[in-house]
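Chain and residue survey
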Amino acid sequence: MAEQRAESLRNLRVVLGVGDVEYTLRFGDVTARDVRELRAAGFSVGEVIAGAQGTVAELDRFAAAVWLARRQAGETVSFADVDSSIRLDTAVSFSEEDSAEPVEAYPDPPLSGGS
């Protein structure tokens, strides 16, 4: 049962569009720290998943999903900065994907330690 849940979350992700910028939220990469910080901001992971669909009524939850996606991308950004930048007149989009992400055709080679 737990393995099935983990496998279904491994590839589940949403691509969130804010204006001309896209952010990918990978649910399999959500950490316990993320969950704790979401709770501190007044949200649950379930609410963020529901809000990621980008409806106007869920704009604050959509912002929480964008915040998580940006953190996963390595950005140091506060929730307050993200939620104050997404307004009702902001063009937002959402797409859900559950297939394995494509592998880069030519990934960067690992760094070597010398000659």
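Residues numbered from 1 in each chain as written. Predicted model: local features only at pLDDT ≥ 70, side-chain atom pairs only at ≥ 80, totals over all residues. Heavy atoms only, no water.

Re the overall build of the protein
Assigned secondary structure in the protein consists of 5 helices and 3 strands. Looking at the protein residue by residue over its 115 residues, the buried ones come to 28%. When contacts within the protein are restricted to residue pairs at least 6 apart in sequence, long-range pairs at least 24 apart make up 57% of them. Within the structure as shown, the protein displays about 7700 Å² of accessible surface, and the carbon and sulfur contribution to it stands at 51%. (Helix = DSSP H or I, 4+ residues; strand = E, 2+ residues; numbered from the N terminus. Buried < 20%, exposed > 50% of the residue type's maximum accessible area, 1.4 Å probe, protein only. Contact = heavy atoms within 4.5 Å. Areas by Shrake-Rupley, 256 points an atom, 1.4 Å probe, with all protein chains shown as cover.)

Some thoughts on helix α4 (residues 59-72)
An ideal rise of 1.5 Å per residue puts 20 Å on 14 residues; α4 measures up with 20 Å between its terminal C-alpha atoms. Along α4, the residues classified as buried are L59, F62, A63, A64, A65, V66, W67, L68, A69 and R70. G74 sits one or two positions beyond α4 and adopts a positive phi of about 95°. (Expected span 1.5 Å × (residues − 1).)

Some details on the pairing of strand β1 (residues 13-18)
Across a regular strand the side chains alternate sides, sitting on one face of the sheet and then on the other. Of all the 6 residues making up β1, 6 are buried; the element is thus mostly covered by neighbouring parts of the structure. The two faces of β1 match: R13, V15 and G17 on one face and V14, L16 and V18 on the other face are all buried. As consecutive antiparallel partners, β1 and strand β2 (residues 21-26) are separated by 2 residues, and within that stretch G19 has a phi angle of approximately 65°, a positive value. (Pairing = 2+ DSSP bridges.)

Remarks on the nonpolar core
Membership of the largest hydrophobic core comes to 24 residues, with the highest contact counts inside it found for L16, L25, V48, V66 and I86. Residue assignment for this core shows that the elements contributing at least two residues are β1, β2, α4 and α5 (79-85). A per-element tally of this core places α4 first, with 9 residues. With residues near it in sequence (within four places) discarded, V48 still touches L25, L38, F43, R61, A64, A65 and L68. (Core = buried A, V, L, I, M, F, W, Y, C linked by side-chain atoms within 4.5 Å.)

Focus on the environment of L25
If you trace the backbone, L25 turns up in strand β2. Using a relative accessible area of 0% as the deciding quantity, one classes L25 as buried. Sequence-distant contacts of L25, that is, excluding residues within four places in its chain, are made with L12, R13, V14, L16, V30, V48, A65, L68, A69 and Q72.

Quick word on the packing of aromatic side chains
Going through the model one piece at a time under the given rule, you end up with 2 aromatic pairs. Centroid distance W67 to F79: 5.5 Å. Interplanar angle 75°. Geometry classified as edge-to-face. Of the two residues, W67 is situated in helix α4 and F79 in helix α5; the sequence distance between them amounts to 12 residues. Considered together, W67 and F79 belong to a single accessibility category, that of buried residues. Members of the aromatic cluster, each reached through a chain of ring pairs, are F43, W67 and F79. (Phe/Tyr/Trp six-rings, centres within 6.5 Å; stacked < 30°, edge-to-face > 60°.)

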